[in-house]
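# Topology and contacts: notes
So the chains spell out like this:
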Amino acid sequence: METKRIAILFSGNGSNLEALIKSLHKKCFLPSKRPENIKQSTIGGFLIGDVLIEGFLIGGLAHTFKLIEPDCAKGKHSNKAFKVEIVLALSNKSDAFGLTRAKRLGIATEVIENAGKTREEFDAQLITTLQEFKLDLCVLAGFMRILTPIFTQKIRTINIHPSLLPLFKGAHGILESYNSPMRLGGVSVHYVSEELDSGEIIAQGAITKIAGESLESYEARIHKLEHTLYPLALLEALTRKK
């Protein structure tokens, strides 16, 4: 059974980091193709698959994933199943609380400060560190840096954004989505490219807005959706050809 090696980059609290570790680390998964006859519907211009997962509408996933015991990956499943290992949690901030979360969960941590470095210098240092781990995928989880082509052209990376892209890119996606007249909010997982929040979308999840809901409540529901969608989208990315 193949082991997929993951590094997670973050800058702050690390709630998505923790959700990914708890959902995926040292666990084995058996992917299978979703049936082609599953209906999809267009809502507000977005193609959303009618798959309800934990109460959220999830779209874009070409596979389903069954959590299995390692012994079950032998025999006929040996070429399909894979194990996920989160081999590193790396932050550009030495005071990021996510470092504490990762250490508590037994994940190796590292800090590479960006202060005093050009973007290119910082990215080159990241690449040198990450390449030592022979990664299958790099995952951003609240990593507050715009990566340069030096990085994006060498390290296969995905990111999560709290809106239905291509709408509401940038740092204020939740607030702008909340204030918009749209009846849906959501989350997008996408490949990282040179342009901010513009890489190919892997999967999206949607929630229905509630009339009179506070920003705090809306934000909490968005974060809950992130914790549901991101592990699934990460697994989806691992099944796709590089």
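Preceding this section is the structure that the text describes.
Residues numbered from 1 in each chain as written. Predicted model: local features only at pLDDT ≥ 70, side-chain atom pairs only at ≥ 80, totals over all residues. Heavy atoms only, no water.

The subject of this paragraph is the nonpolar core. Counting residues in each nonpolar core, the largest one holds 43 residues, and the members touching the most others are Ile6, Ile8, Val84, Val139, Ile158 and Leu234. For this core, the element with the highest residue contribution is helix α6 (residues 215–239), accounting for eleven residues. If near-sequence neighbours (up to four positions away) are discounted, leucine 234 is found in contact with Ile6, Leu20, Leu24, Leu137, Val139 and Ile158. Of all hydrophobic cores here, the second largest spans 19 residues; its members include Ala7, Leu130, Cys138 and Val192. (Core = buried A, V, L, I, M, F, W, Y, C linked by side-chain atoms within 4.5 Å. Buried < 20%, exposed > 50% of the residue type's maximum accessible area, 1.4 Å probe, protein only. Helix = DSSP H or I, 4+ residues; strand = E, 2+ residues; numbered from the N terminus. Contact = heavy atoms within 4.5 Å.)

So, about helix α3 (residues 119–131). With 13 residues, α3 extends 18 Å between its outermost C-alpha atoms, agreeing within 8% with the 18 Å of an ideal straight helix rising 1.5 Å per residue. If you check which residues of α3 are buried, you get Phe122, Asp123, Leu126, Ile127, Thr129 and Leu130. Within α3, the buried residues cover an arc of 170° as seen down the axis, which keeps them to one side. Buried residues along α3 sit against β1 (2–10), β8 (82–91), β9 (109–111), β10 (137–140) and α4 (149–152). (Expected span 1.5 Å × (residues − 1). Arc of directions from axis to C-beta.)

For any pair of aromatic rings, geometry is given as the distance between the ring centres together with the angle between the planes. Applying the stated criterion to the full structure yields three aromatic pairs. Considering the side-chain rings of phenylalanine 29 and phenylalanine 82, the 6.4 Å spacing of their centres and the 40° angle between planes classify their relative orientation as tilted. With phenylalanine 29 in strand β2 (residues 27–33) and phenylalanine 82 in strand β8, this residue pair connects regions lying 53 residues apart in the sequence. Across this residue pair, the class does not change: phenylalanine 29 and phenylalanine 82 are buried. Each ring, one from phenylalanine 122 and one from phenylalanine 143, has its centre 6.4 Å from the other, and the planes form 20°; the classification is stacked. One end of the pair, phenylalanine 122, is in helix α3; the other, phenylalanine 143, is in the loop between β10 and α4, and 21 residues separate them in sequence. Given the relative accessible area of 7%, phenylalanine 143 is considered buried. (Phe/Tyr/Trp six-rings, centres within 6.5 Å; stacked < 30°, edge-to-face > 60°.)

Where burial is concerned, most of strand β11 (residues 157–161) is hidden: five out of the five residues are buried. Covered by surrounding structure in β11 are Thr157, Asn159 and His161 together with Ile158 and Ile160, the residues of both alternating faces. Pairing geometry for β10 and β11, over two bridges, is parallel. Looking at β11, one finds that cysteine 138 is bridged to threonine 157. Where β11 and strand β12 (residues 184–191) come together, four bridges link them in antiparallel fashion. By the bridge assignment for β12, isoleucine 160 is matched with valine 189. (Pairing = 2+ DSSP bridges.)

Contact pair helix α1 (residues 15–24) / α6: the axes reach a minimum separation of 9 Å and the direction vectors enclose 55°. As judged from the angle between their axes, α1 and α6 are oblique. As α1 runs across α6, the sense of the crossing is right-handed. Residues Ser15, Asn16, Ala19, Leu20, Ser23 and Leu24 of α1 pack against Glu226, His227, Tyr230, Pro231, Leu234 and Leu235 of α6. (Axes fitted to C-alpha atoms, helices over the stretch in contact; angles between N-to-C directions. Parallel < 35°, antiparallel > 145°, perpendicular 65-115°, else oblique. Left-handed = near helix turned anticlockwise from the far one by under 90°.)

Right, let's get into the packing of α1 against helix α2 (residues 97–104). Between α1 and α2, the least distance of the axes is 9 Å, while the angle of their chain directions is 15°. With respect to α2, the element α1 is oriented roughly parallel. Of the two elements, α1 crosses α2, and the hand of that crossing is right-handed. Here α1 contributes Ser15, Leu17, Glu18 and Ile21 to the contact with α2, which in turn contributes Gly98, Arg101 and Ala102. Its residues assigned to classes, the contact of α1 with α2 comprises three nonpolar, two polar and two charged. (Nonpolar A, V, L, I, M, F, W, Y, C, P; charged D, E, K, R; others polar.)

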